Amino acid sequence: MKIKKLLTAMLLLTISFSSFSACSNKTSEKTNSSSSNEKISIKYWVPFTPNQYIKSLNESEMYKELENRTNVHVEFIHPAEGQEKEQFNIMINSKELPDVIQNYAGEYKGGIDKAISDGVYLRLNDLIEKYAPNYKKLLDEDPELARQVTTDSGNIYCFALIGEDRNEPAWWGPVIRKDLLDELGLKQPETIDEWENVLRQIKIKKKIEAPLVINKKGVDGYGTFVSAFDVGPYFYKKGNTVKYGPIEPGFKEYLALMNRWYKEGLIDKDFATRDRKSREALITSGKAAAFITEYGMVDQYIPAIKTVNPKAAFAPVLIPSLKKGEKVHYRVVNNRNGGSEAVITSSCKDPERVVKWFDYAYSKEGYMLFNYGIEGKSYKIENGKPKFTDLMLKNPDGFDYWTVVNKWKLDVGPYLRDYKAIPEFTKFDLAAMDTWTKADADYVLPPTTLTAEEEEQYSNTMSDIDTYKDEMILKFIMGKEPLSKFDDYVKQIKSMGIDQMIQIQQNALNRYYNRKIK
Amino acid sequence: MVYKKSVSEKTFDVVNFIFLSILVIVCAYPLYYVLMCSLSDPYQLMKHKGILLKPLGFTLNGYKLVFKNPSIRTGFFNTLFYVTVGTFVNMLLTAMSAYVISRKNLMWHKFLMIMITIPMFFSGGLIPFYLQVQRLGLINTRWALIFPSALSIWNLIILRTAFNSVPESLIESAKLDGANDFTILFKIIIPLSKATLAVIALFYAVGHWNSWFNAMIFLRDRDKFPLQLILREILISNETREMMNNLPRTSAQFIQAEAYKTLIKYCTIIVSTLPIVCVYPFIQKYFVKGVMLGSTKE
Amino acid sequence: MNGVEITKAVTVKEESFSKRLKKDFSINKYIYLMALPMIIYFILFSYIPMYGIIIAFKDFSPRLGILGSKWVGFKHFYNFFKSIYFGRTFKNTALISIYSLLWGFPAPIILALLINEVRINKFKKAVQTITYLPHFISLVVICGLIIDFTATDGLLNVILSKFGVTPVNWLTKPEWFRTIYISSGIWQSMGWDSIIYLAALTNINPSLYEAAMIDGASRWQQLIHITLPSIAPTIVIMLILNIGGLMSVGYEKIILLYNPLTYTTSDVISSYVYRKGILGANYSFSTAVGLIESAIGFTLVYFANKFSKKISEISLW
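The structure displayed is predicted, hence computed values, not measured ones. (Residues numbered from 1 in each chain as written. Chains lettered and ligands numbered in written order. Predicted model: local features only at pLDDT ≥ 70, side-chain atom pairs only at ≥ 80, totals over all residues.)

This part covers the overall build of chain C. Within chain C, the regular secondary structure consists of 17 helices and two strands. On the principal axes, the C-alpha backbone points of chain C span a range of 65 × 65 × 30 Å. Relative to its full complement of 317 residues, chain C shows a buried share of 38%. A separation threshold of at least 6 residues defines the contact pool for chain C, and within that pool the share at least 24 residues apart is 67%. (Helix = DSSP H or I, 4+ residues; strand = E, 2+ residues; numbered from the N terminus. Buried ≥ 20, exposed ≤ 12 C-beta atoms within 10 Å, placed from the backbone. Contact = placed C-beta atoms within 7 Å.)

By the burial criterion, the buried members of helix 6 (residues 126-135) of chain B are Leu-126, Ile-127, Pro-128, Phe-129, Tyr-130 and Val-133 of chain B. Gly-137 of chain B sits one or two residues past helix 6 of chain B and shows a positive phi near 75°.

So, about the pairing of strand 9 (residues 288-294) of chain A. Residue and element names in this part refer to chain A. Counting buried positions over the seven residues of strand 9 gives seven, a clear majority of the element. Here five bridges tie strand 5 (residues 172-177) to strand 9, and the two strands are oriented antiparallel to one another. Considered in strand 9, the bridge of Pro-174 is made with Ile-292. Strand direction decides the pairing type here: strand 6 (residues 210-212) and strand 9, joined by two bridges, are parallel. Pairing of Leu-212 across the sheet is with Ala-290, part of strand 9. (Pairing = 2+ DSSP bridges.)

This paragraph deals with the nonpolar core. Among the nonpolar cores identified, the biggest contains 278 residues, and Tyr-121, Tyr-157, Val-213, Ile-267 and Ala-288 of chain A together with Tyr-99 and Val-100 of chain B are the most heavily contacted of them. Counting residues per element, this core draws most heavily on helix 11 (residues 174-202) of chain C, which supplies eleven residues. (Core = buried A, V, L, I, M, F, W, Y, C linked by C-beta atoms within 7 Å.)

Residue and element names in this part refer to chain B. For Ile-189, the location among the structural elements is in helix 9 (residues 181-192). Remark: the alpha-carbon pair of Ile-189 and Ile-118, spanning 71 residues in sequence, is separated by 27 Å. For Ile-189, the residues in contact, after removing those within four places along its chain, are Tyr-99, Phe-163, Val-166 and Ile-184.

Residue-level contacts link 75 residues of chain B with 72 residues of chain C. The leading source of residues in the side of chain B that touches chain C is helix 1 (residues 7-38) of chain B, at twelve residues. When grouped by side-chain class, the residues that make up the side of chain B that touches chain C number 49 nonpolar, 18 polar and eight charged. (Nonpolar A, V, L, I, M, F, W, Y, C, P; charged D, E, K, R; others polar.)

All names here are of chain B. In the predicted model, chain B carries a mean pLDDT of 80, and the fraction of residues at 70 or more is 85%. Across chain B, element-level confidence peaks in helix 4 (residues 71-102) with a mean pLDDT of 92 and bottoms out in helix 12 (residues 227-244) with 61. A low-confidence stretch, residues 238-256 (pLDDT under 50), is modelled with 47 contacts involving residues beyond four sequence positions or located in other chains. In the predicted structure, residues 292-298 sits below a pLDDT of 50 and forms twelve contacts with residues beyond four places in sequence or in another chain. (pLDDT = per-residue confidence, 0-100.)

Pasting the structure below:
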């Protein structure tokens, strides 16, 4: 009976429901009627986090300004928060499609291509060609971006958030207690050996209980430490060849290292049972010296840890490599398609106007409007550069920037985004970006898609493999299985069908590279 | 009491008292813990681990943030509506149904029982259920939170068990006096089963109070949302933001979103739990012994 | 009173079916009137939507819908049974649910009886009110407390180290998972579950106790001969219903407490399906697994009921 609950949850994750035949008929009768500029109104479904200052995007001054400029009125529909996938599926199901769906469009069971062939989403290739010059230009100039908004069958399906900077910096990597390093007279560790020495000294001389905090699984999802051994944490590519990290020889070396560190007490003993809150408690109570994190989290540990040790300070460090100066090949990457994908549905009566409306966000004026808001109100130009006004930075109602942001500009959404269009980065943030981005990311797989059949096979097989792999990795690290068993472990995973899974990923990667982009 | 306590019984009383006292402490702790967390300074809370006996620092900021949300008030009144009306419908339907299935001499008794038992285990899942509610025109109406959950089989069977314990002789004699089944149910059986009825009402009320899922899928207008749905939004709002956005973020963004996240979580639990917890003492009023006394003429 | 019904049933049997039907309806017309809302409720909200079960035997496709999707027979069941973890998850589910029933079922009854023996009214009410509180605290918080409590530097180890036990992280020990899972479950739900027994206790006729006291029966004897038999129907019915829940262990608490090191005892069917769902949500597959659970539950209830009817004359139907 209890599985019913689970079922419900899963169902909501997966379903998209029948009866699109009715909708698909509509596509043919699509009229290009209003090429004029008369006022139109569209329904726009998008998840949104309300707060005291702005309850829905319908209150957004930026979109009001956009309406003045484009004569397109938008009625925003926001699903109940936290249940967006469920709401998405039910919406699709109930045949009341809005004109635009942003985020979760990829949840359509069977994939985007299926949604297009089912006549639910519109294929945008021709519309963009004709009516979206700014967006088209971006796609033409950046094949990687073009691939990421095109499906395997060559359908351009969305307007997405695009980073203006093609190489946005990394936001995930290792951090260490700088004060401890300084007191011990140690340099920031760069190689695995240096790390070992630093952790050991900290453990012995500073009596730090758990020098290094690692996550529950024993392997960092963005590959910190694993990447030193020339492998990725999961599926990755070397050149154009897909590989599965956990069965590579490099992975064995990684496990041997972790096992050694674990035995020596250099790694948190309880890592396998810690959740995020528990890890944070360890860090902020001064019982840990190094951890892997997103940079945004670090500065807020400061007030907490200062009450324990007033001298405490954190510094970002290089993602470690085996040899000094060697570059690792795996880290977090921001895809060119930065999410916030907005699709146009077959219910849209005037796709031409809507496409034009979207395209405005990628134009020069649109860029300023979405990134900075309305001149004179939310920003002014100083020394030729836009600067936020006090309305944004020191709001008279006492709200902070992140509360007011969506009333005057758009934090994330389908537009050309300048990631620096925020009040400011802290020193730590900038240092972290700089340090972590020094690692290469050429082993990281791009966002590929599996076909429906592949998907089924993949999920059936991988759930077993992952169960086994997760179990064994912890056992190897904690010494409950000797590393001499690694070959048996690889054999077992092979017998469970990993080669076929690698092939599936390889095919998906090949299809990705072969996506038809002009 | 005429009866004298023996030594062993006195020892039992003492041991029982001590045991239950320990139990009380152990059971009171989680809520106490949450309460203390909700009053603590978020930064100190972050580095804390283990037992908490008093708040770390003291702040009401979490509560201020929770109550700043304008939807809390409407949510509270909506919930009040769903709890009262919903429980009333539940009780009426459950009492009548329980009476029906407590009459074992009914020819269709077994058929009805099996009809009731099957849905306990088998259901068609959410999509057909949603479509059915849609077909009945209940989507985005308050009734969508009342009718589809009008009867709980579990509660029905519990109530039936209580009804069965009413002496058959009472019912027979009432029948001889010319009472029909409605009179028997409302004048004899219900007054004699007050305690169980009170418990069932509590179960239903707590169920309505805590439910958010049906509201989420059946309701569209925010002004019809129950409190729990609003509170859920507060709880998870920051997490969704994290999930959706794999972009570079700044510390400032996190300080706002993260530091108070845990605090707000605890405050939300308190706000959503305390009112319903306070209902129980009122239910206890019906836990009076000897309701059968005086009515039994055996 | 059961005797009366049985004889009635026997005499009625001799008449023809349609006659009996007519008679039954005319005698019980008000009862059937009362049954009407319930029947309508079940038809509308349970039986009509029940066709959704068939997707366990289909490959659910959004475009074709539930009725139009392609039949695949027992493919999903086969996929479930052939997984190398089927045996393990099945065994873990069975053991966790059986032990939960074994320890968890009597706990609220004992609590209710203990509360019932308390003579100080205020204390009694306080105990009742407080023991039911943990029911209202979300699982995430409860499990967070459990994780803190069992960690290497947690309270449990602090206490145990006083007795010379070396601190270990209890949640990494597969042999302790069930104990932690079940005992915390009892802690969380005992008070809430005892309410129903407390209500049943109030229905006992006090004159029975008075008579017993005059006969000089001790409290223990009163408990055995009056209290327990009087609440037996409630206990038996609750037991039958709980037996139906065997083989269904929810995933929420499991995934909050387990980790790969304890998979050998902690990974149950629902948590396995959950992990599978994250990878590639397969609605038909999980419906199939749910159907297996339901079928087992229903069968168990059926036999438990039959068995109970034989020995105690208390039954669901």
